[in-house]
Amino acid sequence: MSNDVIEATPEAPVAPQAFTVTLNIRRYDPDSGEEAHWQAFDVDVFPTDRILDALHKIKWEQDGSLTFRRSCAHGVCGSDAMRINGRNRLACKTLLKDLDLAQPIYVEAIKGLPLEKDLVVDMEPFFASYREVQPFLQAHSVPPKDKERIQSVADRARFDDTTKCILCAACTSSCPVFWTDGQYFGPAAIVNAHRFIFDSRDDEAKVRLDILNDKEGVWRCRTTFNCTEACPRGIQITAAIAEVKQAIIRGHR
Amino acid sequence: MTETNVHHHQFDVVIVGAGGAGMRAAIEAAPKANTAVITKLYPTRSHTGAAQGGMAAALANVEEDNWEWHTFDTIKGGDYLVDQDAAEILAKEAIDAVIDLENMGLPFNRTPEGKIDQRRFGGHTRDHGKAPVRRACYAADRTGHMILQTLFQNCVRLGVNFFNEYYALDLIMSEVDGTQVPAGIVALELATGEIHVFHAKAITFATGGFGKIYKTTSNAHTLTGDGVGIVWRKKLPLEDIEFFQFHPTGLAGLGILLTEGARGEGAILRNASGERFMERYAPTIKDLAPRDIVARCMVQEVREGRGAGPYQDYVLLDCTHLGAEVLETKLPDITEFARTYLGIDPVVEPVPVMPTAHYAMGGIPTNNNAEVLSDNDTIVPGLYAAGECACVSVHGANRLGTNSLLDINVFGKRSGNNAAEYVKTAEFPPLPEHPEKFVVDMLQSFRDATGTESVAAIRKALQETMDANAQVFRTDETLAQVSKDIHGLRQRFANVSIHDKGKRFNTDLLEAVELGFLLDIAEVVVYAARNRKESRGGHMREDFPNRDDENYLKHTMAYLTGDPHSPDPADHIKLDWKPVVIQGYQPMERKY
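Reading the values: the criteria
- Residues numbered from 1 in each chain as written.
- Chains lettered and ligands numbered in written order.
- Predicted model: local features only at pLDDT ≥ 70, side-chain atom pairs only at ≥ 80, totals over all residues.
- Heavy atoms only, no water.
- Helix = DSSP H or I, 4+ residues; strand = E, 2+ residues; numbered from the N terminus.
- Rg over C-alpha atoms; globule rule 2.2 N^0.38 Å.
- Buried < 20%, exposed > 50% of the residue type's maximum accessible area, 1.4 Å probe, protein only.
- Contact = heavy atoms within 4.5 Å.
- Areas by Shrake-Rupley, 256 points an atom, 1.4 Å probe, with all protein chains shown as cover.
- Pairing = 2+ DSSP bridges.
- Axes fitted to C-alpha atoms, helices over the stretch in contact; angles between N-to-C directions.
- Core = buried A, V, L, I, M, F, W, Y, C linked by side-chain atoms within 4.5 Å.
- Domains from an automatic or database assignment.
- Buried area = accessible area lost by both parts, 1.4 Å probe.
- Salt bridge = Lys/Arg side-chain N within 4 Å of Asp/Glu carboxyl O.
- Polar contact = N/O pair within 3.5 Å; in protein donor to acceptor, adjacent residues only side chain to side chain.

Q: How should the overall build of chain A be read in this particular structure?
A: Tallying secondary structure elements over chain A gives 8 helices and 7 strands in all. Whereas a compact globule of 253 residues would reach a radius of gyration of roughly 18 Å, chain A reaches 23 Å, over 25% beyond that. With the principal axes as the frame, chain A shows a C-alpha extent of 80 × 60 × 40 Å. Within chain A, buried positions represent 53% of all 253 residues. Of the contacts formed within chain A by residues at least 6 apart in sequence, a portion of 64% connects residues at least 24 apart. Summing over all exposed atoms, chain A offers an accessible surface of approximately 11300 Å²; the carbon and sulfur share of this is 51%.

Q: Before we go on, may I ask you to explain the sheet that holds strand E2 (residues 37-45) of chain A in this structure?
A: Where strands meet in a sheet, backbone hydrogen bonds hold them as pairs that are either parallel or antiparallel. Residue and element names in this part refer to chain A. If you walk across this open sheet you meet the 5 strands as E2-E1-E5-E3-E4, and the pairing is mixed. Single-partner strands in this sheet number two, and they are E2 and strand E4 (87-90). Averaged over all neighbouring strand pairs, the angle between strand axes comes to 35°, with direction disregarded. Direction of pairing for strand E3 (residues 81-84) relative to E4: antiparallel, over a ladder of 4 bridges. Following the sheet pairing, Ala81 is matched in E4 by Leu90. Docked against the sheet, helix H1 (residues 51-61) engages strand E1 (19-27), E2, E3 and strand E5 (105-108), running at close to 100° with respect to E2.

Q: What am I meant to see in the nonpolar core here?
A: Nonpolar side chains tend to gather and get buried jointly when the protein is soluble and globular. Among the nonpolar cores identified, the biggest contains 129 residues, and Ile185(B), Phe205(B) and Met466(B) are the most heavily contacted of them. Ranked by residue count, the leading element in this core is helix H15 (residues 507-531) of chain B, at 15 residues. Beyond its immediate chain neighbours, meaning those up to four positions away, Phe205(B) contacts Val16(B), Leu171(B), Ile185(B), Gly227(B), Ile230(B), Val231(B), Ile364(B), Leu383(B), Tyr384(B), Ala385(B), Ala386(B) and Cys389(B). Judged by nonpolar contacts, the second largest core, of 122 residues, contains Phe159(A), Cys168(A), Ile190(A) and Leu405(B).

Q: Where do I start with the domain arrangement of chain A in this structure?
A: By convention, interface size is frequently given as the accessible area that disappears when the constituent parts associate. Residues and elements named next belong to chain A. The domain architecture assigned to chain A consists of domain 1 (19-121) and domain 2 (124-141 + 154-250). Between the C-alpha centres of domain 1 and domain 2 there is a distance of 28 Å. Summing both sides of the interface, domain 1 and domain 2 together bury roughly 1200 Å²; the carbon and sulfur share of this comes to 61%. When residues of domain 1 are sorted by the area they lose upon contact with domain 2, Asn88, Lys111 and Leu113 head the list and together hold 39% of the total. If you look at where domain 1 meets domain 2, you find 0 salt bridges. Across the contact surface, domain 1 and domain 2 share 4 residue pairs in polar contact (both at pLDDT 80 or more). Put simply, the parts of the chain that give the side of domain 1 that touches domain 2 at least two residues each are E3 and E4. With 3 residues, E4 is the single largest residue contributor to the side of domain 1 that touches domain 2.

Q: Would you explain the interface of chain B and chain A in this entry?
A: Opposite the 58 residues of chain B that make contact, chain A presents 66 residues. Of the roughly 5100 Å² buried where chain B meets chain A, counting both sides, 51% is carbon and sulfur surface. Sorting the residues of chain B by area buried against chain A places Arg45(B), His221(B) and Tyr341(B) first, and these three jointly supply 14% of that buried surface. Here chain B and chain A share 8 salt bridges between them. Ionic pairing is found between Arg142(B) and Asp160(A), a salt bridge with its closest N-O pair at 3.0 Å.

Given below as structure tokens:
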């Protein structure tokens, strides 16, 4: 038996290995006359690449007509919500190593909003619901001259979670109620109403609670938690909706 | 002409860009004048939303402070290339700007007394450099997000007319009484591929930066300098365009921003041996030295073999002593970025960081009223610029952290107010018969092109040569190389073709147009950088390592004078100078 000791080699840098994955992307071009269909692309990626990187590689090296929205590429602008393996996520926050790479990857547009082209949907109905909840501060008190309004740390913390929303629509377009009833305000609008309803500086909580007490308002929520699971900002959306429901029952914030 | 549909609109004020500056302008202009905001994104996608750490204002909520100290820090931070009258306006109006935002609803973090809380930031000091001061008003590490959301919310309240996903491609200038004035904007509606002409009395550019001339950048994919490029092609000047800021703490290899607010809260930069190296370079304020200095020191550490990691090619941002609570409550987003993108938990492990291309100090020259200049002194009546695309100049050779969120609010507001005032008495300038012709022809030529080159390959080559040759350290040799490379890339660009020939959401076409702007801007950045044979702020020339006030205490003014495709930039770019406004702060050696 050899007594050779294997010398401990100094930590040699190991170059990360590229590998090939298949992305199945649901394509749609209204001008082509074709129905939406799945198209497979093989693409070389690294484990730490984002789905967005893979989409860019396809667009830049294989098919320039592949169409999707993106901007900041690190999860703060909300442009690239899409359905990845059946779950709503941001393409720029989904790393390949976190997916099951034994299976093909499926990428399609978010559901429930009109499909425009490939991974792009019409966001206007989504923003229309947002606008309807009066998502802006309505404070009737006059702030002290040239000073900020005072707000305690605890009052500020009350609505902290819902200020994180980036309006990406991952939540709303993951909601089965929204899929079947496009009139439903949807989680994102309720989140943005919550952000003002529970802001101690705001005086119009009642108006927003009335708006959301509509038949297309909070009562349509079936607490399936899809929205909370989909939120790339980790907002406890279902809990926020429940708080709005309770406030409606109470009749005030 | 092709069969493209052309739609016509008329607004008193047209604002191009819906980030912080554009929406702050809209909030002033929309109630007073018929206003439209054109943006190639949705407003909430704008890159203001990626700003993290804070917005400077000497509120003195948590310790003694005043706007004069802020003015001085801004001037010294900008290595004395700041116009001192502008810096004074910035620092004075900062206080109202923050209060305005709070009153509009912005949820700032609060002190135990319920006032707006403030944190430390690089280069912001007590009493002219004695120690760091808490001047940055913040909302966790998503201050920019909160500003963008608050401004958007208030635009919704006011019913501002947004044209979302309309890509402005040309500025129409007309002659009125012998003077060139802006008359309209030609834009491509991305959803349909149709062309829109916006006839206007006043136009405000608020189009942001152009970080995508670099590979490693904190900037969004969409920051391609369109507004700056449009103005440049109209033969209006660009000021101090060679000054680009590299933010010290980008996630290594990715460039994703980690806020300076981390160091404001006490995080420390360390080299491979764990040394807090900033103590050697800036003994008074250490890790809170301005960004240009910290970025250079980091690169220096790596060059001298003290970098960390398997390739010794980065340094470490150590947040581990801050504790989980501070990270989770005051720096939650950057904590998550490190976890998501590098698989590193900042609570227990230092984070690999290196400088990342972040901010253009230079841009479209304006006076303190946000009016665009056509030379050192002459304004273009009715044309305004604000935010990163503009150069007032409040940032000089190096912007202080938190002064950009401030800039967009102060000068965005000024531009909106002044544009609304201007249109009260201005008439609509005449439009040419086919104002859309240039844009229609340009887009058609891209659609018809049958070349063999790809937009993505040319863009990648541009970004790589800019990273290699025009980053934190520059020499004449490296700049000459990138200049030569750009000329070659321009020739390749003439032989480009795109795949997508369709009309709807043609982002392939969009990227081709954007690349044209990137090439134009990179060329003038490099040409101006070669011409400035000194080191100042973000512009570090290793062949001229000292600041040279005798010869270069002046702004660069670059003009496009000929065919941009001629091989030698000297054939089509003219460089001139503009004096710096000095009002009492004489240039001193910059030590921290």
